[in-house]
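Listed below are the residues making up each chain.
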Amino acid sequence: MRKAALLYNPESGGSHARRQAELESALALLRGANVEAQLILPDSRAHAKEEARQAVLAGYDTVFACGGDGTIHNLIQVLANTGTTLAILPMGTANALAHDLGLPMNIAAAARAALHSAPRRIALGRIHCLDLEGQSRTRFFIVAAGAGVDAHLFYKLGTGTKQRMGMAAYYAKAWQLWFSYPMTRFEVEFPEAGSGESRRDHVTELLAVRIRNFGGVLQELAPGASLDRNDLRLVLCTTGSRLAYLLYVTRGLLRRSWKIPGIDLAYSSRVSCEYSRASASPKTSPQAQPKVHVEADGELVGTLPAEITIAPDALTLLAPSR
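Residues numbered from 1 in each chain as written. Predicted model: local features only at pLDDT ≥ 70, side-chain atom pairs only at ≥ 80, totals over all residues. Heavy atoms only, no water.

Let's shift gears to the overall build of the protein chain. When its secondary structure is counted, the protein chain shows eight helices and 15 strands. The burial tally for the protein chain puts 52% of its 322 residues in the buried class. Across the protein chain, every contact between residues at least 6 apart in sequence was considered, and the portion connecting residues at least 24 apart equals 72%. (Helix = DSSP H or I, 4+ residues; strand = E, 2+ residues; numbered from the N terminus. Buried < 20%, exposed > 50% of the residue type's maximum accessible area, 1.4 Å probe, protein only. Contact = heavy atoms within 4.5 Å.)

Next up on the list: the nonpolar core. Judged by nonpolar contacts, the single largest core of 55 residues is most densely connected at Leu97, Leu124 and Ile142. Leaving out residues up to four positions away in the same chain, leucine 97 has contacts with Asp69, Ile72, Ile88, Ile142, Val143, Ile211 and Leu227. In terms of nonpolar packing, the next biggest core, distinct from the first, is built from 26 residues, Ala123, Ala147, Leu236 and Val301 among them. (Core = buried A, V, L, I, M, F, W, Y, C linked by side-chain atoms within 4.5 Å.)

Turning to the side chain of threonine 204, a few remarks are in order. Relative to the assigned elements, threonine 204 resides in the loop between β9 (198-203) and β10 (205-209). Here the side chain of threonine 204 touches threonine 239 through a polar contact of 2.7 Å, landing on its backbone oxygen. Discounting chain neighbours no more than four positions away, the residues touching threonine 204 are Ala147, Gly148, Val149, Met183, Thr184, Arg185, Phe186, Cys237, Thr239, Gly240 and Tyr245. (Polar contact = N/O pair within 3.5 Å; in protein donor to acceptor, adjacent residues only side chain to side chain.)

Moving on to the packing of aromatic side chains. Inspection of every chain in the model, using the stated rule, returns zero aromatic pairs. Over the ring of tyrosine 60 we find lysine 3; its NZ or CZ atom is 4.6 Å from the centre of that ring. Positioned above the aromatic ring of tyrosine 267 is the side chain of arginine 229, whose terminal nitrogen or guanidinium carbon lies 3.8 Å from the ring centre. (Phe/Tyr/Trp six-rings, centres within 6.5 Å; stacked < 30°, edge-to-face > 60°. Lys NZ or Arg CZ within 6 Å of the ring centre and 35° of its normal.)

This part is about helix α5 (residues 107-115). Where α5 is concerned, the buried positions are Ile107, Ala110, Ala111, Ala113 and Ala114. All buried residues of α5 fall inside an arc of 160 degrees around its axis, so they share one side. Those residues of α5 that are buried are in contact with α1 (16-32), β3 (62-67), β4 (85-90) and β15 (299-319). Residue asparagine 106 occupies the N-cap position of α5, its side-chain oxygen lying 3.1 Å from the main-chain nitrogen of alanine 108. (Arc of directions from axis to C-beta.)

Attention now moves to the pairing of β3. Counting buried positions over the six residues of β3 gives six, a clear majority of the element. Along β3, one buried face is formed by Thr62, Phe64 and Cys66 and the opposite face, lined by Val63, Ala65 and Gly67, is buried too. Two elements, strand β1 (residues 3-8) and β3, share five bridges in a ladder whose sense is parallel. Bridged to alanine 5 within β3 is valine 63. (Pairing = 2+ DSSP bridges.)

The calculated volume of the second largest pocket comes to roughly 160 Å³. Surrounding the second largest pocket, 14 residues form its lining, Asn9, Pro10, Ser44, Arg45 and Ala48 being those nearest its centre. Listed by contribution, the elements that provide at least two residues to the lining of the second largest pocket are β1, α2 (45-57) and α3 (69-79). At four residues, α3 tops the list of elements feeding residues into the lining of the second largest pocket. A class-by-class count of the residues in the lining of the second largest pocket yields six nonpolar, five polar and three charged. (1 Å grid on protein atoms, 1.4 Å probe; cavity = no way out; pocket = protein on both sides within 12 Å on 5 of 7 lines; lining within 4 Å. Points joined across faces, edges and corners; volume = space filled by probe spheres on them. Nonpolar A, V, L, I, M, F, W, Y, C, P; charged D, E, K, R; others polar.)

For the rest of this paragraph, the subject is the packing of α2 against α3. It is at 9 Å that the axes of α2 and α3 come closest, and there the two elements cross at 40 degrees. Comparing their axes, α3 and α2 come out oblique. Handedness of the crossing formed by α2 with α3: right-handed. Here α2 contributes Arg45, Ala48, Lys49, Ala52, Arg53 and Val56 to the contact with α3, which in turn contributes Asn74, Leu75, Gln77, Val78 and Leu79. Looking at the contact of α2 with α3 residue by residue, the classes come out as six nonpolar, two polar and three charged. (Axes fitted to C-alpha atoms, helices over the stretch in contact; angles between N-to-C directions. Parallel < 35°, antiparallel > 145°, perpendicular 65-115°, else oblique. Left-handed = near helix turned anticlockwise from the far one by under 90°.)

Moving on, we get to the packing of α1 against α5. In contact at an axis separation of 8 Å, α1 and α5 are set at 25 degrees when each is read in the N-to-C sense. Considering the angle they form, α1 stands roughly parallel to α5. In this structure, the crossing between α1 and α5 has a hand that is right-handed. Of α5, the residues touching α1 (which contributes Arg19, Glu22, Ala26, Leu29 and Leu30) are Ile107, Ala108, Ala111, Arg112 and Leu115. For the contact of α1 with α5, the per-class residue count stands at seven nonpolar, no polar and three charged.

The element strand β11 (residues 232-237) is extensively covered by neighbouring structure, given that six of its six residues are classed as buried. Going residue by residue along β11, you find Leu232, Leu234 and Leu236 tucked away on one face and Arg233, Val235 and Cys237 tucked away on the opposite face as well. Inspection of the sheet shows β10 paired to β11 by five bridges, in the antiparallel sense. Bridge pairing links valine 209 to arginine 233 in β11.

Keep in mind these values describe shape, not function.
Structure below.
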């Protein structure tokens, strides 16, 4: 690391004054190690992406995402398929990727760890769907993408709810909304890794996961997922049972290997998601069907139809050695 830009998301969790002081400490650590480091304070997500583009063009070898998974998601849209390395100072609410990488949650310690970390090339997930205005849209993701129950919660909760409410209140609100979700079914189709056999299922939830440890209360949501793999770990929920969902989350919390009826795991490099033709009435227009929403890295990105694929060798990531 010779030249680094630190892009801070002021909407990330915590006191702004305290975060500013932590960032100054991280900046001093980097500069003390002879890194030409600059702190940049964008005033919006669009501004942050533009600053990341300018950093790449100006020859910065490293861009620090100073925020949570939403900040990281925003920046990888620019850093994907470039030679610029992504580093992380975890300052968000959940920090799932930071937990998976084993990063310290203390900002100065995370900056110190970055100085002793090695860059590695990883694959990214890629999702193509319709945005909320009905336009075709493609996004990279690094943690997970989902369609169905989880995306519906992000749709209902809206942007920034975690930051305003804190994780405990966020979980309570999500729990309340989860009980009212109608468990709308949709179709997924994918070639299963290994056999190459094409599978087609009707599901209420589809997750395409890239990390093993989410931290917090979720912990291991998709056993077998890893950033070191060039595929997606799929969680397929063919059940409409809320109890089955609860048991699956409990399984992750307790690190058990229980088999939950109606919830299956698979590996694939591609999965297509479409509205269920079987459930649509001939008299019902597509516009009148219940919308199935789609999220990526905890960000609401749109609705079905969607295709989720893997983009090999797409990002350089700075992370501590395991």
